[in-house]
Amino acid sequence: MQVLSLLKSKKISPEQLFMLSVLAVNGGNYLYNLILGRVLGPVEFADAAVLITFLLVLSFVAMTFQLVTAKFSVIFENETFTNFVSKIYKNATFVGLGLGALIIVFAGQLQAVFNTSSSSMFTIFGIGVPLYFLMSVNRGVFQGKKEFKSLSITYQAEMLSRLVITLALIFLLDVQSSVVIAIGILISFGFGLVPFKFKNLNFKKSIAIEASQSKQVKSFFIITAFYELTQIIINNSDILLVKHYFDAYDAGLYASLALIGRIVYFVAWMFVMLLLPTVVQLKKEGKATAPILFKYVGYIAAIATAIVAGCALFPETAITLLFGDSYLAMAPLLWKYALATGLFAISNIFAYYYLSLDRYIPVVISGVFGMLQMGLVIFFHESLEQVVHMQIIAMVLLLVIQVIFFMFDSKLKK
């Protein structure tokens, strides 16, 4: 009771509540992955890592709808907002159904490409894809309207249900692990829809948006989709390529490395969620936006530095505590992977900042270096260490170019 009284007296803002919620959700997701890594071992965890990576890829694709919804939930009002949300729900549903159908149809081919033990896991995952797109639009409305309490609940419901249901199925049923994980992910999408604003879901309504507004939405949607594609490439291509080029044991070891090293990116994502609606609102009010960028870049740089230092000083301790002795071979690479991820997280803040301002050159820059990273890994993958080195090279260059662009852009404004 004393803690509750203290929290009330401190008057925690909705933004701070959301940040605490995101930390809890990321912690829960990490616990989910860590338990899977320990229970399944490197070989079976490699299959689980493919599904988890597919989930991350899906989240980036659906993030396009979430960010578009969030931005124009700030800009549009009254009937224009209602019509816009109805239309984006309709489009998101069609895209979700199409993408889900493709995953189901090509489940066998996906099993062959990624060397997994089952095709059923892809089929089950594909069934849940339309739900995820509906969930993302719903979250976009909460994000844009700064209803951070409801936004927090959707993330917490998804995370907790996936954690509890997946682990319950693994320990209670004697079922192939990859299928169980897919079932847990599918069910969690349903829980992630809570709370859901059904009044915004109206496919029958005659929807009319002014031509200029429609063009604005389409332009932002296209460039955001392109940027989320670069996010997919930079964040997930390494795990999928390693699964393709290396055996299951090495792929499982690398998956554990990626999971630990990406802590900084998932923390940075929390700031991105707050950055976009804030920058859009400041621009709408004619206020300076650069201070917000500096603030969040400073936060991410500090967090990244601390995590890289921790990984460099205590790599074996981190891996033993989180995954167990069977993953210790990855200890020397831990700080290097964390460095690559930290560099990407900082450059990502620059890209989302300019995306919020309808400035798209940094997005194109990210796309170029995303392809560069993938190309480097395709041509240079003699060892897992070399794979990590290629990512560091690409991410150093990306951040340098983003900073140079910002400096030149600032000078031109003066």
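Residues numbered from 1 in each chain as written. Predicted model: local features only at pLDDT ≥ 70, side-chain atom pairs only at ≥ 80, totals over all residues. Heavy atoms only, no water.

### Considering the overall build of the chain
What counts here: Secondary structure follows DSSP: runs of H or I at least 4 residues long count as helices, runs of E at least 2 residues long count as strands, and numbering of each begins at the N terminus. Taken over C-alpha atoms, the radius of gyration is set against a globule rule of 2.2 Å times the number of residues to the power 0.38. Throughout this description, buried means an accessible area under 20% of the type-specific maximum (1.4 Å probe, protein chains only), exposed means over 50%, and partly exposed covers the range between.
If you tally the helices and strands in the chain, you get 15 helices and zero strands. In terms of overall dimensions, the chain is globule-like: its C-alpha atoms have a radius of gyration of 21 Å, near the 22 Å expected for 414 residues. Along the first, second and third principal axes, the C-alpha atoms of the chain reach 55 × 55 × 50 Å. Taken over 414 residues, the chain has a buried fraction of 56%.

### Observations regarding the confidence of the model for the chain
Note the following rule: The pLDDT score gives, residue by residue, the confidence of the prediction method on a 0 to 100 scale. By definition, residues are in contact when any of their heavy atoms lie within 4.5 Å.
Scored by pLDDT, the chain comes out at a mean of 84, with 93% of its residues at no less than 70. Contacts for the low-pLDDT stretch residues 1-7, under 50 throughout, to residues beyond four places or in other chains number one contact.

### So, a nonpolar patch on the surface
As a reminder of what qualifies: Each patch is assembled from residues with relative accessible area greater than 30% and no salt bridge, linking like charges that lie within 9 Å and nonpolar side chains (Val, Leu, Ile, Met, Phe, Trp, Tyr) that lie within 5 Å. Here, Shrake-Rupley sampling with a 1.4 Å probe gives the accessible areas, and only protein chains in the shown set may cover a residue. Put simply, a salt bridge is a Lys or Arg side-chain nitrogen that is within 4 Å of an Asp or Glu carboxyl oxygen.
Where nonpolar side chains cluster on the molecular surface, the patch consists of Val 396, Val 400, Ile 401, Ile 404 and Phe 408 and spans about 410 Å² of accessible area. The residue Ile 401 is located in helix α15 (residues 384-413) in this model. Assessed through its relative accessible area of 33%, Ile 401 is described here as partly exposed.

### Quick notes on the environment of Leu 173
Mapped onto the elements, Leu 173 comes out in the loop between α6 (148-172) and α7 (177-191). It is 37 Å that separates the C-alpha atoms of Leu 173 and Phe 148, two residues lying 25 residues apart in sequence.

### A word on the environment of Ala 331
Mapped onto the elements, Ala 331 comes out in the loop between α12 (315-322) and α13 (334-356). The spatial distance from the C-alpha of Ala 331 to the C-alpha of Ile 170 is 28 Å, given a sequence separation of 161 residues. Setting aside chain neighbours within four positions, we find Ala 331 in contact with Pro 315, Glu 316 and Ile 319.

### Considering unusual backbone geometry
Backbone torsion omega between Val 194 and Pro 195 reads -5°, so that peptide bond is classified as cis. Of note, Pro 195 is situated in the loop between α7 and α8 (211-245). The phi dihedral of Lys 146 is positive, around 55°, even though this residue is not glycine. Residue placement: Lys 146 occurs in the loop between α5 (120-144) and α6. Using a relative accessible area of 33% as the deciding quantity, one classes Lys 146 as partly exposed. The residue Asp 358 is not glycine, and still its phi comes out positive at about 65°. Relative to the helices and strands, Asp 358 resides in the loop between α13 and α14 (361-379).

### Overview of the packing of α8 against α13
Convention followed: Orientation is described by lines fitted to C-alpha atoms, with helices fitted over the stretch in contact, and by angles between N-to-C directions that extend from 0 to 180 degrees. Note on angle classes: values under 35 degrees are labelled roughly parallel, values over 145 roughly antiparallel, values of 65 to 115 roughly perpendicular, and the remainder oblique. Three categories are distinguished: nonpolar for Ala, Val, Leu, Ile, Met, Phe, Trp, Tyr, Cys and Pro, charged for Asp, Glu, Lys and Arg, and polar for the others, with Gly belonging to the last.
Orientation of α8 relative to α13, taken along the N-to-C sense of each, is 180°, at an axis distance of 12 Å. In terms of orientation, α8 lies roughly antiparallel with respect to α13. Contacts from Phe 220, Ile 223, Thr 224, Tyr 227, Glu 228, Gln 231, Ile 234, Asn 235 and Asp 238 of α8 reach α13 at Tyr 337, Phe 344, Asn 348, Ala 351, Tyr 352 and Leu 355. Within the contact of α8 with α13, the residues separate by chemical class into nine nonpolar, four polar and two charged.

### Some points on helix α2 (residues 14-75)
Here is the rule we go by: Working rule for helices: expected span equals 1.5 Å times residues minus one. To get the bend at any residue, fit one axis to the seven residues that end at it and another to the seven that begin at it, then take the angle between the two axes.
Here α2 contains 62 residues, and its C-alpha end-to-end distance of 20 Å is more than 12% below the 92 Å for a straight helix at 1.5 Å per residue. Largest kink in α2: about 125°, centred on Gly 41, with the proline Pro 42 one to four residues after it.

### Some remarks on the pattern of salt bridges
Summed over all chains, the structure comprises eight salt bridges. Where Glu 285 meets Lys 287, a salt bridge forms, and the shortest distance between an N and an O atom there is 3.2 Å. Residue class for Glu 285 comes out partly exposed when judged on its relative accessible area of 42%. Ionic contacts of the salt-bridge type, sharing partners, join the residues Lys 71, Lys 283 and Asp 358 into one network.

### As for the side chain of Thr 53
Structurally, the position occupied by Thr 53 is in helix α2. Look at Thr 53 and you get buried, because its relative accessible area is 1%. Contact partners of Thr 53, with chain neighbours within four places excluded, come to Asn 236, Ile 239 and Leu 240.

### Focus on the packing of aromatic side chains
The condition that has to hold: We call Phe, Tyr and Trp rings a pair once their centres come within 6.5 Å, taking the six-membered ring for Trp, and we label the pair stacked below 30 degrees between planes, edge-to-face above 60, and tilted otherwise.
A full pass over the atoms with the stated rule returns 19 aromatic pairs. Taken together, a centroid distance of 5.8 Å and an interplanar angle of 80° make the contact between Phe 72 and Phe 220 edge-to-face. Note that Phe 72 is positioned in helix α2 and Phe 220 in helix α8, a separation of 148 residues in sequence. Residue Phe 72 is classed as buried on the basis of its relative accessible area of 0%. Taking the centre distance of 6.4 Å and the plane angle of 70° together, the rings of Phe 125 and Phe 189 count as edge-to-face. Taken together, the residues span a long stretch of sequence, with Phe 125 in helix α5 and Phe 189 in helix α7 at a distance of 64 residues. Among the aromatic side chains, those forming a connected cluster through ring pairs are Phe 54, Phe 114, Phe 122, Phe 125, Tyr 132 and Phe 189.

### Some details on the side chain of Ser 161
Mapping Ser 161 onto the fold places it in helix α6. Not counting the four nearest positions on each side in its chain, Ser 161 is found in contact with Thr 166, Ser 188 and Phe 191.

### Quick look at the environment of Ile 233
The topology assignment puts Ile 233 in helix α8. We classify Ile 233 as buried; its relative accessible area is 11%. In this structure, Ile 233 is in contact with Gly 370, Met 371, Gln 373 and Met 374, ignoring residues within four places of it in sequence.

### Focus: the packing of α2 against helix α10 (residues 263-284)
At a minimum axis distance of 7 Å, the contact between α2 and α10 shows a crossing angle of 5°. The orientation of α2 with respect to α10, classified from their angle, is roughly parallel. Here the residues of the contact of α2 with α10 are counted per class, giving 24 nonpolar, three polar and three charged.

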